[in-house]
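The chain contents come next:
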Amino acid sequence: MATKGKDMAVWGLDSKRLKRRALAMLRWLLDPVRRTPVVVISALLTLLLTVLIVNLIQPVDAAHAERTTAAGASSTSTVSVRQFPKVHQPRKSASSSSATKNQTKQQKLDPAATSAHPVDWLKPSQQVDYPDPAAHPGLSLEVSLQDQRVYVRDGSELLYTMYASTGMDDSTPRGSFRIQAERGDHFYNPGEGMGARYYTSFLNHGVFLFHSVPTDSKGGYIKEEADMLGIRPGSHGCIRLTVPDARWIMQSVPTGTPVLVK
């Protein structure tokens, strides 16, 4: 009986030890299981945070990159346009080319269209040859009181344009006249205290003349009077011209050539 009780006590002791070992074994088995969710959860949280951070940073970087690219493209485009502008040159038609040539010819024949400098009254009005009256049977002289010009024409064709200074106070008569026989190298009017070179009459036989810019009693040109040429009237009715223009009319324009003053 005693032996049996002792055996029971030993069994009980062994039973407790076994339980403790079983519990220890269970804890050992369960510990990885308990630790695994923590590790997994931590890993998942870390991955989630990483994804969130990447998603937040990437749009910002993309937007910044997009703005930088757009700004760079805009800057490049602006510089390109400023440095290398595109020029569109349409093809010229035959009519526009012809119009341009006619305009250029007109400018060459009209000092009003080309000259922005004071008139050099010692030189011809144009840098082209004077027309040959023999080659132009319809030669005429047209005096424009408004333009202060003399237009040499053959019919409707403009051959030459001269600077002029006509009569003050509308003293140059208007109308249709003809070159008269009275002409010469020089005259002097004591009543006016002025003369001129290379005169040619167109009205009243020596009263109304084409002639050079005025001269004084010694034959010298009066600069103050000459500077009015091509700008405003300055004479007492005659038509003042540059020295070479007046000489050409006196020497070359035939008697009877029509003169229109308007």
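Our structure is the block above this text.
Participant: Looking at this model, I keep getting lost on the pattern of salt bridges. Mind explaining?
Facilitator: A side chain with one charge can pair with a side chain of the opposite charge if their charged atoms come near. Summed over all chains, the structure comprises six salt bridges. We note a salt bridge from R153 to E142, for which the minimum N-O separation is 3.0 Å. Of this pair, R153 sits in strand β2 (residues 149-154) while E142 is found in strand β1 (residues 139-144), placing the two residues 11 residues apart along the sequence. The class of E142 is buried, set by a relative accessible area of 12%. With a closest N to O distance of 2.7 Å, K223 and D227 form a salt bridge. Taking relative accessible area as the criterion, D227 reaches 36% and is therefore assigned partly exposed. A single network of salt bridges, built from pairs that share partners, joins E142, R153 and K262.

Participant: Just to check I follow, could you spell out the pairing of strand β5 (residues 183-189) for this structure?
Facilitator: The two faces of a sheet get side chains in turn, since along a regular strand they alternate between them. Sheet topology note: the β5/strand β6 (residues 194-203) ladder contains six bridges and is antiparallel. If you follow N189 over to β6, its bridge partner there is M194. Counting the residues that bridge the hairpin from β5 to β6 gives four residues, and of these G193 lies at a positive phi of roughly 70 degrees.

Participant: Looking at this structure, how should I read the environment of L203?
Facilitator: Considering the arrangement of structural elements, one finds L203 in strand β6. In this structure, the C-alpha to C-alpha distance between L203 and I179, residues 24 residues apart in sequence, is 7.7 Å. Excluding residues within four positions of it along the chain, L203 makes contact with P173, F177, Q180 and F208.

Participant: Teacher, can you tell me more about the nonpolar core here?
Facilitator: The nonpolar side chains of soluble globular proteins are, as a tendency, buried together. Ranked by size, the top nonpolar core spans 33 residues in total, and within it L141, V150, F202, F210, L241 and V259 carry the most contacts. The set of elements that each furnish at least two residues to this core consists of β1, β2, β3 (157-163), β6, β7 (208-212), β8 (239-241), α5 (243-252) and β9 (258-261). The biggest single contributor to this core is α5, with five residues. In this structure F202 touches F177, R178, I179, Q180, F208, L209, F210, I239, V259 and V261, once residues within four positions along its chain are discounted.

Participant: Can you help me understand the packing of aromatic side chains in this one?
Facilitator: Two descriptors summarise a pair of aromatic rings, namely the distance from one centre to the other and the angle between the planes of the rings. Per the stated rule, a full pass over the model turns up seven aromatic pairs. With a centroid separation of 5.3 Å and 10 degrees between ring planes, the pair formed by Y130 and W248 is classed as stacked. With a gap of 118 residues between them, Y130 in the loop between α3 (111-114) and β1 and W248 in helix α5 connect regions that are remote in the sequence. On the accessibility criterion, W248 (7% relative accessible area) is buried. With a centroid separation of 5.6 Å and an interplanar angle of 90 degrees, the aromatic rings of F187 and Y199 are classed as edge-to-face. In this pair, F187 sits in strand β5 while Y199 sits in strand β6, placing the two residues 12 residues apart along the sequence. Since its relative accessible area comes to 23%, F187 is described here as partly exposed. A connected cluster of aromatic rings, assembled from ring pairs, spans F177, F202, F208 and F210.

Participant: Sorry if this is basic, but what is going on with α5 here?
Facilitator: Each α-helix turn comprises 3.6 residues. Residues three or four places apart therefore point the same way. Counting buried residues in α5 gives seven out of 10 residues, a clear majority hidden from the surface. For α5, the complete set of buried residues consists of V243, P244, D245, A246, W248, I249 and M250.

Participant: Would you mind going over the sheet that holds β9 with me for this structure?
Facilitator: Strand pairs in the sheet, formed through backbone hydrogen bonds, run parallel or antiparallel to each other. Strand order across the open sheet formed by five strands is β3-β2-β1-β9-β4, with mixed pairing between neighbours. Of all the strands in the sheet, just β3 and β4 (175-178) have a single pairing partner and so form its edges. On average, each strand axis in the sheet is inclined to that of its neighbour by 20 degrees, with strand direction left out of account. Note that β1 and β2 share six bridges and pair antiparallel. Bridge pairing in β2 links V143 to V150.

Participant: Can you help me understand the side chain of T172 in this one?
Facilitator: The topology assignment puts T172 in the loop between β3 and β4. In this structure the side chain of T172 is engaged in a polar contact, spanning 2.7 Å, whose partner is the backbone nitrogen of G167. In terms of polar contacts, T172 uses its side chain to reach the backbone carbonyl oxygen of G237, at 2.9 Å. Look past the residues within four positions of T172 in its chain and what remains in contact with it is L145, T166, G167, G237, C238, I239 and V261.

Rules and cut-offs
- What you see as residue numbers is a count from 1 along each chain, following the sequence as written.
- Only residues with pLDDT of at least 70 are given local features in this predicted model, and only at 80 or more are side-chain atom pairs given and counted; all residues enter the totals for whole chains, interfaces and linings.
- Each side-chain value is derived from all of the structure's non-hydrogen atoms; neither hydrogens nor water enter the calculation.
- Salt bridges are counted wherever a side-chain nitrogen of Lys or Arg sits within 4 Å of a carboxyl oxygen of Asp or Glu.
- Under the DSSP-based scheme used, a helix requires at least four consecutive residues in state H or I and a strand at least two consecutive residues in state E, with every element numbered from the N terminus.
- Any residue under 20% of the maximum accessible area for its type is buried, any over 50% is exposed, and the rest in between are partly exposed; the area is computed with a 1.4 Å probe on protein chains only.
- Whether two strands pair depends on DSSP finding at least two bridges between them.
- Contacts are assigned to residue pairs that have any heavy atoms within 4.5 Å of one another.
- In these notes, a set of buried Ala, Val, Leu, Ile, Met, Phe, Trp, Tyr and Cys residues joined through side-chain atoms within 4.5 Å is what counts as a nonpolar core.
- Under the pairing criterion, centres of Phe, Tyr and Trp rings, with the six-membered ring standing for Trp, must be within 6.5 Å; the plane angle then separates stacked pairs below 30 degrees from edge-to-face pairs above 60, leaving the rest tilted.
- The angle between two axes is taken between their N-to-C directions and runs from 0 to 180 degrees, where each axis is a line fitted to C-alpha atoms and a helix contributes only its stretch in contact.
- Side-chain atoms alone can form a polar contact between residues adjacent in sequence; in general such a contact is a pair of N or O atoms within 3.5 Å, and within protein one must be able to donate a hydrogen while the other accepts it.

That is the geometry; function is a separate question.
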